[in-house]
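Coordinates in review
Here's the letter readout for the chains.
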Amino acid sequence: MRKSCAQFLFAFQFFAPFVLCTTSTAQSLPVLTFTASGGIGGAEGPPVVGQGAFTCYAASTSPPAPALLVGPLPTQCNVQNKFSQSATVQSTNPALTFGTVTGSGSGFKLTVTATNSGVGGVSGGVSLYRDNIPAPAGATIKLRFPGSVTGAGQVVVTAASDTGPGGSLVSVGAFITSAGTVTLPPLLIGKSGTYSIAVSAGVIANSGPQGPASSTASVTLGCNASPLDPLPASGTGGGLTGWSYDYEISDLRGLDITNVALQGRNLAAEMSVPYFNLDTSDFTGSHCTLQPSGTVGDCATRLVDFNIDPTAVEASYVAGNVPTGTSSCLIITERFEFDPPVPGDHCEPSGNLNCARFFPTVSYTYVPQDSTEIIQEADLPLRLFFTVPDPDPKSKTSLTSLGQFTTLAHDSDQTGFPDLDLNGDPMKTEFFEPNAINQGKAGDSDNYHQTYLPSVEGPGVSLFPPGPKPGCPTCVHIHWRWSSLFALQVAGVPLFPNFLDDNGGQPRIPPGSTQSVDIAVTAFPDNVEMDCSRLATPTDPLAGKPTVFWYCGKGNQDSDTFFSHGGFYNPPSPAPAPEPGITVAKSGLRVDHATGQWGQTVTLTNTTASALTGPMALVLDSLPSSVTLGNADGFTSVAAPLGSPYVLAALDESTQLGAGQSLTITLQFNNPSNVGITYSTRVLTGGLP
Amino acid sequence: MRRLGLLFVLSLAAGFASTVSVTIDTTGLSGTSGDLVFDLTGGGGPSGNTASIVGFSTDGTLGSASTTGTVTGSLPGEVDLSVDNSSLFFSEYLTAFTYGTSIAFTLSATENAPGPVSSPDEFALFLLGSDGTTSLIQTSDPTEANSLLIFDIDGSQAGVSTVFSVSDPGGVSATATSGTSAVPEPSFLTLAGCAFLIMNLMSARRVGTGGAQRTEPEAALRRARIR
């Protein structure tokens, strides 16, 4: 028998806001019958205070999803097969209990989220139970709570096996303030070769809206795990999160993610782990590839686990023959997680950038046959072919030919602003930076940005209202370190209380990690047959070419995770609206004899009685066909008529054009036919046009 | 017939409403050879405009000139640049020039207003090198064209003149002083037109007499136009 419900209750009763327990009958894989129940508030957990809503989500982890039979749930969560539903909590300390959920499958997952509707605070959280997991010796369990914990939260993870006393139940509690990782101590697995885990995360909202909570658990598998047969089919992920992508178990590149987009705004043509290297005391494997069913040769890999849920897709591989004749293995897990935008999420210090986070991570665990085998280095490069699109419909082109511009920068600990671009802004040529993270310590660079615009706009300071403003709203942002300035406190009060990613100015890597990371930035097509350090040719041009970002993790411990800091991206702007209270005054035109361009200034005046904020765009409609706007920031793709060039005023969401105030925009026209330059104007606010 | 010609001249003169007196200190370029460039760029309005450079004086040395578009005259005499905004949007007078220490002239322009989607016609002055493209001066011109002076014909009586500061080299600056229009006000022109019409009719009745009386207002009107 597996652990009983009572044992899980024992583990959770101290703080868990609700409890999920299970009884199940041990039987051989893959079929499992189970019964699960749980609740929030009442006798089974702490009180629910205020008004809020909570959502239950239940699904089998083994596709195709088996039918889940739903118990009587008149007013609480109506758990059905792969669905979610909300219920409103309006009183204090209600006893909301899940009904009984039964079904069959090789696994089962139940997730509960609690969100605050804005009245007071809601004690809620997440719970996850997963049963019948193939169990490696010395398993580790890593959990991520994506953007869901506002302020602080508690999490407890419990794992159980059917072994005897002393190894049957382990439990870890942790206090987390952001996306965090909790690692269980080694668990002794019994004869069944499987174990169960249960997770409870209690979230105490401080105030205001609390983002959706969810949790997923990834479990490293044993060296003897069997290859998946049949292989998972290719498919499309993302769903309700606003993200979309295609996934495929490829022949050589592991789990291959393509066509990644956020609310229709493309982020990447491809994300993958093209190869890995392993160097141990008795083995050296170079440029091994993640194959789903390889069996022969050094570091032959096989796909042993695959999971997909609304926010992530994950595949685990076991690399054997390291070396041949031993039972040692390297377990590699690719996990591509894409979280929805969370209102109020401070992806960057100003908090003024609407953003969604993504985590294309790769993890490894080295499982030696015995203690004489020691890992020396595991290299796991992430190849991220970002393709930030120009919204100009005239620039439509294939993803693999998009002109891109990039920077690799260091942020000052004194000012918080970039104080060094390692290869210019934008980077003119391909570039390789060894040890951007060096043995767990900061290297020369802290962040990478990529955009379709000809340079990467740095962060700045806004005067109205005072405070920082985000850098490069069009960019994909990768920060493996933030300036320590953002961790500063004055008299115990944080200067940036809502920015939780500073990590004290240290690299954002798993606690205790001594990993290093090399960076290579290359023009596409890049040669994936090359190792990371040989990918970039310093004399090859880069600016304006499709660009591939290689994030090459190098671990020297038995396990590690790369790219756990993730990145962020902003969704497309909402459609802007015309602002009739802005008057437009054009100057005359004059030719620049040096460039042949025709210049003009346009003055925008706010004639309304109140201040207007950005973004504010001056759109030029009906230009003669032979005339182009040389300094256009883009072309209308949302606000009809489409295809008209526009220039953004120097305003963003944090700056204002006061009543009666004016600003001037300079226009530069290309007019090779020397025709009259006439056009009508629109001033649009509230988003990119 | 002669008086009808005068009325035509008068109607043209009625469009000249703006004058700007320009003085330029070119001490910082003294002895430098280059090009002095006067541009008139149409903004696409329903009617074109004419900008005239009159009273040009300098201690520099003028060289050969070239023109683009509709340009009449040559410096130091009067130069007129015109655009019609239908087939011609750009006129330019470019003259080789060895800079002395000063330049002065008066700019006089018609004032036909731009249309609702067009821009004002603009007069601009550039001090270029002998290649005709490289500016000899760095100015605060926001378009980075390095013009020294612009005059926008926005339909108002005075127009809009802007002088940009020069950051490099030192010793170069300009001033532009808008003058009250020296040309007759429209109401006066209307009255004068009526007077001429009456005079014309009267003279038609007195055929063969009074020829000397007709020369005085004609000369006066010509003077008024030039002023």
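Every chain is numbered on its own, with residues counted from 1 as its sequence reads. Each chain takes a letter, starting from A, and each ligand takes a number, starting from 1, following the order in which they are written. Two thresholds apply to this predicted model, a pLDDT of at least 70 for residue-level local features and 80 or more for giving and counting side-chain atom pairs, whereas whole-chain, interface and lining totals are computed over all residues. Where side-chain values are given, they derive from all heavy atoms of the structure, hydrogens and water being excluded.

1. A short note on the overall build of chain B
- A run of DSSP states H or I qualifies as a helix once it reaches four residues; a run of E qualifies as a strand once it reaches two. Both are numbered from the N-terminal end. For chain B, the helix and strand inventory stands at three helices and 14 strands.
- Only protein chains enter the accessibility calculation, which uses a 1.4 Å probe; a residue whose area is less than 20% of its type maximum is buried, one above 50% is exposed, and one in between is partly exposed. When the 227 residues of chain B are sorted by exposure, 46% land in the buried category.
- We call two residues in contact whenever any of their non-hydrogen atoms come within 4.5 Å of each other. Sequence-distant contacts, at least 24 apart, represent 78% of the contacts inside chain B between residues at least 6 apart.
- Taken as a whole, chain B presents about 10,200 Å² of accessible surface, with 57% of it coming from carbon and sulfur. Areas reported here follow the Shrake-Rupley algorithm with a probe of radius 1.4 Å; residue values treat only the protein chains shown as occluding.

2. A short note on the overall build of chain A
- For chain A, the count of helices and strands is one helix and 51 strands.
- Taking all 689 residues of chain A together, 57% fall into the buried category.
- The long-range fraction of contacts in chain A, counting pairs at least 24 apart against all pairs at least 6 apart in sequence, stands at 71%.
- Carbon and sulfur atoms provide 55% of the accessible area of chain A, an area that totals close to 25,900 Å².

3. What to know about unusual backbone geometry
All names here are of chain A.
- A cis geometry characterises the amide bond from Asp425 onward to Pro426, with omega recorded as 0°.
- If you check the backbone angles, Gln263 has positive phi at about 50° while not being a glycine.
- Positionally, Gln263 belongs in the loop between strand E17 (255-262) and strand E18 (265-272).
- Backbone geometry places Phe563, a non-glycine residue, at a positive phi of 70°.

4. As for empty space enclosed by the protein
- Throughout, the protein atoms alone are placed on a 1 Å grid, and a set of points is a cavity if a 1.4 Å probe fits but cannot get out or a pocket if it is open with protein on both sides within 12 Å along at least five of seven lines; lining residues have an atom within 4 Å of a point. Grid points are joined across faces, edges and corners, and a volume is the space filled by probe spheres set on the points. The final tally for this structure, using the stated rule, is four cavities of 30 Å³ or more.
- What lines the largest cavity is simply A:Leu589, A:Trp598, A:Asn671, A:Asn674, A:Val675, A:Gly676, A:Ile677, B:Thr41, B:Gly42, B:Phe89 and B:Phe90.
- Partitioning the lining of the largest cavity into residue classes produces six nonpolar, five polar and no charged. Gly falls in the polar group here, along with every residue not listed as nonpolar (Ala, Val, Leu, Ile, Met, Phe, Trp, Tyr, Cys, Pro) or charged (Asp, Glu, Lys, Arg).

5. Let's talk about the environment of A:Ser533
All names here are of chain A.
- Inspection of the secondary structure assignment puts Ser533 in the loop between strand E36 (516-523) and strand E37 (547-555).
- Residue Ser533 is classed as partly exposed on the basis of its relative accessible area, which comes to 44%.
- Separated by 101 residues in sequence, Ser533 and Phe432 have C-alpha atoms that sit 6.8 Å apart.

6. Some words on the pattern of salt bridges
- Here, a salt bridge means any Lys or Arg side-chain nitrogen found within 4 Å of an Asp or Glu carboxyl oxygen. Scanning the model with the defined rule gives 15 salt bridges over all chains in all.
- Connected via shared salt-bridge partners are A:Arg253, A:Asp256, A:Glu270, A:Arg383 and A:Asp526.

7. Structural notes on the sheet that holds strand E47 (residues 634-635) of chain A
- In space, the five strands of this open sheet follow the order E40-E51-E45-E48-E47 (chain A), with antiparallel pairing throughout. Of all strands in the sheet, those with a lone pairing partner are strand E40 (577-578) and E47 of chain A, marking the two edges. Here a strand pair is declared whenever DSSP counts at least two bridges between the two strands.

8. Side note on the sheet that holds strand E9 (residues 121-128) of chain B
All names here are of chain B.
- As summarised here, the arrangement of the six strands in space is E4-E7-E2-E9-E11-E12, forming an open sheet in which the pairing is antiparallel. Of all strands in the sheet, those bounded by a partner on one side alone are strand E4 (61-68) and strand E12 (160-163). Shown here is a sheet whose adjacent strand axes are inclined to one another by a mean of 15°, direction ignored.
- With nine bridges joining them, strand E2 (residues 33-41) and strand E7 (residues 90-98) adopt antiparallel strand pairing. Helix axes use the C-alpha atoms of the stretch in contact, all axes being lines fitted to C-alpha atoms, and the angles between their N-to-C directions lie in the range 0 to 180 degrees.

9. So, the pairing of strand E43 (residues 598-606) of chain A
Residue and element names in this part refer to chain A.
- Of all nine residues in E43, eight are buried, a share of seventy percent or more.
- Strand direction decides the pairing type here: strand E41 (residues 582-586) and E43, joined by five bridges, are antiparallel. Bridging across to E43, Val584 finds its partner in Leu604.
- Pairing analysis gives two bridges linking strand E42 (residues 590-591) to E43, with the strands arranged antiparallel. Residue pairing across strands places Arg590 opposite Gly599, the latter belonging to E43.
- Sheet analysis places E43 next to strand E50 (residues 662-670), joined by eight bridges and oriented antiparallel. Pairing of Gly599 across the sheet is with Gln668, part of E50.

10. A short note on the side chain of A:Gln600
- Looking at where A:Gln600 falls in the secondary structure, it is placed in strand E43.
- What makes A:Gln600 buried here is its relative accessible area of 0%.
- Here a polar contact means two N or O atoms within 3.5 Å. Within protein one must be a hydrogen donor candidate and the other an acceptor candidate, and residues neighboring in sequence count only if both atoms are side-chain atoms. Within the structure, A:Gln600 has its side chain in polar contact with the side chain of A:Tyr679 (distance 2.7 Å).
- With near-sequence residues (within four places) excluded, A:Gln600 lies in contact with A:Lys586, A:Ser587, A:Gly588, A:Leu589, A:Ile665, A:Thr666, A:Leu667, A:Phe669, A:Tyr679, B:Ser119 and B:Thr143.

11. Quick word on the confidence of the model for chain B
Residue and element names in this part refer to chain B.
- In the predicted model, chain B carries a mean pLDDT of 78, and the fraction of residues at 70 or more is 71%.
- Below pLDDT 50 for its whole length, residues 1-16 participates in 26 contacts with residues either more than four positions away or in separate chains.
- Looking at any residue, its pLDDT shows the predictor's confidence there, from 0 to 100. Predicted confidence for residues 201-227 stays below pLDDT 50, and this span has 18 contacts to residues more than four positions away or in other chains.
- Confidence metrics for the complex model read pTM 0.49 and ipTM 0.76.

12. A closer look at the pairing of E2(B)
Residue and element names in this part refer to chain B.
- With respect to burial, E2 is a largely interior element, eight of its nine residues being buried.
- Sheet topology places E2 next to E9; seven bridges connect them, and they run antiparallel. Looking across to E9, one finds that Phe38 is bridged to Leu125.

13. Re the interface of chain B and chain A
- Between chain B and chain A, the residue contacts involve 28 residues of the former and 21 residues of the latter.
- Interface of chain B and chain A: buried area, both sides summed, is about 1,800 Å²; carbon and sulfur atoms make up 56% of it.
- On the chain B side of the interface with chain A, the three residues burying the most area are B:Val117, B:Ser119 and B:Thr143, jointly 27% of the side's total.
- For the pair chain B and chain A, the number of links is two salt bridges.
- The salt bridge involving B:Asp141 is made with A:Arg590; its shortest N-O contact spans 2.7 Å.
- Where chain B touches chain A, the interface holds 11 residue pairs in polar contact (both at pLDDT 80 or more).
- Listing elements by their share of the side of chain B that touches chain A, those giving two or more residues are E2, E7, E9 and strand E11 (149-153) of chain B.
- Element by element, the count of residues in the side of chain B that touches chain A is highest for E9(B), at four residues.
- In terms of residue class, the side of chain B that touches chain A is built from 12 nonpolar, 10 polar and six charged. When two components associate, each loses some accessible surface as probed by a 1.4 Å sphere; the sum of these losses over both components is called the buried area.

14. Some words on the packing of aromatic side chains
Residue and element names in this part refer to chain A.
- Only rings of Phe, Tyr and Trp enter the pairing, Trp through its six-membered ring, and a pair is recorded when the two centres are within 6.5 Å. The plane angle decides the type: under 30 degrees is stacked, over 60 is edge-to-face, the rest tilted. As enumerated under the stated definition, the model contains 24 aromatic pairs over all chains in all.
- Where Trp482 meets Phe499, the ring centres are 5.0 Å apart and the plane angle is 85°; that geometry is what we call edge-to-face. Highlighted residues: Trp482 in the loop between strand E33 (476-479) and strand E34 (489-490) and Phe499 in the loop between strand E35 (493-494) and E36, separated in sequence by 17 residues. Phe499 matches Trp482 in its accessibility class, with the two residues each being buried.
- Grouped by ring-pair contacts, the aromatic residues Trp243, Tyr245, Phe338, Phe358, Phe386, Tyr448, Trp480, Phe549, Tyr551 and Phe563 constitute a single cluster.

15. What about the confidence of the model for chain A?
Residues and elements named next belong to chain A.
- This prediction gives chain A a mean pLDDT of 72; 64% of its residues lie at or above 70.
- Scored below 50 in pLDDT, residues 163-168 shows 12 contacts in the model against residues more than four places distant or in partner chains.
- Ignoring residues within four places in sequence, the model shows residues 201-220, a span with pLDDT below 50, making 88 contacts including any to other chains.

16. Quick word on the nonpolar core
- Buried Ala, Val, Leu, Ile, Met, Phe, Trp, Tyr and Cys residues form a nonpolar core when they are joined through side-chain atoms within 4.5 Å. If you look at the biggest cluster of nonpolar residues, it comprises 62 residues, and the most contacted ones within it are A:Met271, A:Phe386 and A:Phe549.
- The greatest single-element share of this core, amounting to six residues, is contributed by strand E25 (residues 375-386) of chain A.
- Apart from residues lying up to four places away in sequence, A:Phe386 is in contact with A:Leu267, A:Ala268, A:Met271, A:Phe358, A:Gln404, A:Tyr448, A:Gln450, A:Val476, A:Ile478, A:Thr547 and A:Phe549.
- Membership of the second largest hydrophobic core comes to 33 residues, among which are B:Ala51, B:Phe56, B:Leu81 and B:Ala109.

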